[in-house]
Structure formats: structure tokens, C-alpha cells
Amino acid sequence: MKNLVLKADRLCKSFITGKTSLNVIKNLDLEIYEGDFTVIMGSSGSGKSTLLYNISGMDKPTSGTVSLLGRDITVMKEDAMSSVRKKDISFVFQSINLLPDITIFENIAYCGYEINKNKKEVNEKTLELLRKFGLEESKDKYPSEVSGGMQQRTAIARAVITEPKILFGDEPTGALNSTTGQEVLDILTDLNNKGQTIVIVTHDVKAATRASRLIYLKDGRIDGELPLERFSKADYKRREKLILEFLEEKGW
């Protein structure tokens, strides 16, 4: 039996503009289990990113609860939530968001320094991640001096240096070309195979093939779910066909 690491209960999120209230997430229930690679899809405006931001503590829901590792983060004060962001979860963005004025090495290491005051240990772990993600030769370069794919690999290395319980991603391959996107997906898949819980939002079927679980969102509600076995490149075509049939059925 897998451990439950995140639970959203009757989650609602509304945005008010002038006299109009837009209900984006509507009484949504969701459970995320340890070790799963959960992909959330849906048409534009379905509420995918809003859902991701609310379950990850990046935003607060209008109503409902989000229990992360057994704690209700919807009632947490900002200092407690800041600690959760540093130690328990990490986020990878489409826009990458590296700090432009420090090196690739420093971009990864500084997150480690936030939770571990032993600089030597953090530096060794940073070097290990640089080797693992094929960034060792670029460690002293600045983000503007490397490709978009290398920037995103750096962002993932930065996200996992703290050994988060859950890694969230908002279109993590959205700004990348096909080849570099595949490289990033290979890294995420490898992390998941080693036990990392991953939750991403994407519009990319290639990213969805890496899922062990695909959730389809429609008009702020879960409209369906497709369970999948762990990713295997040898099984890619069959998985892609299953996903495309599921998405077509949902009107994607």
C-alpha cells in the first residue's frame, strides 16, 4: 500500500475581477501517493496550473483543504509554509527562473545551503548532481551562457538538492525543443524510478507518456483518470496510443 503524501478535499479557487467571480477549481478531491509520477492535463483554461499552485502551497485556495504530508497547509502561517517549501517540496517552472548573476554551480548549491549549513557537504552534493545531469563542464558558466535544456536541467538539479518529498512542475518542457525536452523527461523519469514523487502539469503528450497516472481536468473538475504502468521506452508507442485515445475520449 502506497503512502498518501497529498490530499485535497473539496478544493475551490475563485478569482474576482470587478463584480465578476470566476470559479476555476470547483469542489475538487485529489490524492497523490508516494512514488507516483502524476501528470495533470486538460484543455486551455481547465484550471491545471491553478490546481498545481494550490496543492503545492504556491497559492491559497478559496475554500477546502490541502493536506501535505499530514499537515493542512491551507491554514499554515507564512513562516511555516516557507519551511515546507525549503525542505519538503520543490517546484520546476516552464520559465526556468534561474538566478542570472550567479553560476550554474551556485544556482544549484544555494538551495542546499538553505537547509544544510555544512558547506562542504552541499558542494559535494552539487558536484554529484552536476555529473548526474551532464552539467559538470558548464558549472562555472552563467545561465545565459548555456542552452535552454541545460538551464532546465540546472533548475531540476536545484529542485532536488534538498531531497523534496514531492517535486512539482508547471510545463517543465514547455519552453524546450523536442530533443532537449526528451532529455529533461529522461531525467524526471530516472528520478521517479528512484522513488521521487512527481506531479506535473503539461499539454505535451510526450511528457504524459512518462506518467504512472494521468489525470484529466475539465472546467475545474477531474473528468477522468488513466492509470499506467511505469514508463518503458520499449513500450512507448502503446502508451502513446492509450493516452491519445483517452484524451480524444475526453474531447482534448
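Residues numbered from 1 in each chain as written. Predicted model: local features only at pLDDT ≥ 70, side-chain atom pairs only at ≥ 80, totals over all residues. Heavy atoms only, no water.

Asker: How should I be thinking about the nonpolar core in this particular structure?
Answerer: In summary, soluble globular proteins display a tendency toward joint burial of nonpolar side chains. Among the nonpolar cores identified, the biggest contains 41 residues, and Val39, Phe133, Ile156, Leu167, Leu214 and Ile243 are the most heavily contacted of them. Among all residues touching isoleucine 156, those that are not within four sequence positions of it are Val92, Phe133, Val184, Ile187, Leu188 and Leu191. Formed by 28 residues, the second largest nonpolar core is a distinct cluster that contains Leu28, Leu30, Met81 and Val199. (Core = buried A, V, L, I, M, F, W, Y, C linked by side-chain atoms within 4.5 Å. Buried < 20%, exposed > 50% of the residue type's maximum accessible area, 1.4 Å probe, protein only. Contact = heavy atoms within 4.5 Å.)

Asker: Is there a simple way to explain the sheet that holds strand 10 (residues 221-227) in this structure?
Answerer: To summarise the sheet geometry, strands pair through backbone hydrogen bonds and adopt either a parallel or an antiparallel arrangement. The strand order across the open sheet formed by 6 strands is 6-7-8-3-9-10, and the pairing between neighbours is mixed. In the strand order of this sheet, the two ends are held by strand 6 (89-93) and strand 10, each with one partner. Geometrically, the sheet is characterised by an average inter-axis angle of 20° between neighbouring strands, direction not taken into account. As paired strands, strand 3 (residues 37-41) and strand 9 (residues 213-218) are joined by 4 bridges and run parallel to one another. If you follow methionine 41 over to strand 9, its bridge partner there is tyrosine 216. Packed onto the sheet, helix 1 (residues 48-55) meets strand 3, strand 6, strand 7 (166-170), strand 8 (197-201) and strand 9 and runs at close to 150° relative to strand 7. Where helix 8 (residues 236-249) meets the sheet, its contacts fall on strand 3, strand 9 and strand 10, and the angle it forms with strand 10 comes to roughly 155°. (Pairing = 2+ DSSP bridges. Helix = DSSP H or I, 4+ residues; strand = E, 2+ residues; numbered from the N terminus. Axes fitted to C-alpha atoms, helices over the stretch in contact; angles between N-to-C directions.)

Asker: What is the right way to read the pattern of salt bridges from this model?
Answerer: Side chains that differ in sign of charge can pair as their charged atoms come close. Inspection of every chain in the model, using the stated rule, returns 17 salt bridges. The residue aspartate 36 makes a salt bridge to lysine 2 at a minimum N-O spacing of 2.4 Å. Of this pair, aspartate 36 sits in the loop between strand 2 (20-33) and strand 3 while lysine 2 sits in the segment before strand 1 (4-17); the two residues are 34 residues apart in sequence, bridging distant segments of the chain. For lysine 2, a relative accessible area of 46% corresponds to the partly exposed category. The residue glutamate 114 makes a salt bridge to lysine 86 at a minimum N-O spacing of 3.4 Å. Here glutamate 114 is found in helix 3 (residues 104-115), whereas its partner lysine 86 is found in helix 2 (residues 78-87), with 28 residues between them in sequence. Accessibility expressed as a relative area gives 41% for glutamate 114, which makes it partly exposed. Residue class for lysine 86 comes out partly exposed when judged on its relative accessible area of 36%. (Salt bridge = Lys/Arg side-chain N within 4 Å of Asp/Glu carboxyl O.)

Asker: I tried to follow the pairing of strand 2 on my own but got confused; where do I start?
Answerer: Two faces, one strand: in a regular strand the side chains alternate between the faces of the sheet. As paired elements, strand 1 and strand 2 share 10 bridges and run antiparallel to each other. The residue bridging threonine 17 from the neighbouring strand is threonine 20, located in strand 2. Adjacent in sequence and paired antiparallel, strand 1 and strand 2 are bridged by 2 residues, among which glycine 18 carries a positive phi angle near 65°.

Asker: So what exactly am I meant to see when it comes to the packing of helix 3 against helix 5 (residues 148-160) here?
Answerer: The description of two packed helices rests on the angle between their axes and on the distance between the axes. In contact at an axis separation of 7 Å, helix 3 and helix 5 are set at 25° when each is read in the N-to-C sense. Judged by the inter-axis angle, helix 3 sits roughly parallel to helix 5. Seen from above, helix 3 lies across helix 5 with right-handed handedness. The residues of helix 5 that touch helix 3, namely those facing Ile104, Asn107, Ile108, Tyr110 and Cys111, are Thr154, Ala157 and Arg158. (Parallel < 35°, antiparallel > 145°, perpendicular 65-115°, else oblique. Left-handed = near helix turned anticlockwise from the far one by under 90°.)

Asker: I keep staring at the environment of glycine 195 and nothing clicks. Help me out?
Answerer: Along the chain, glycine 195 turns up in the loop between helix 6 (178-193) and strand 8. Accessibility expressed as a relative area gives 43% for glycine 195, which makes it partly exposed. Each C-alpha atom, one on glycine 195 and one on glycine 35, is 5.0 Å from the other, the two residues being 160 residues apart in sequence.

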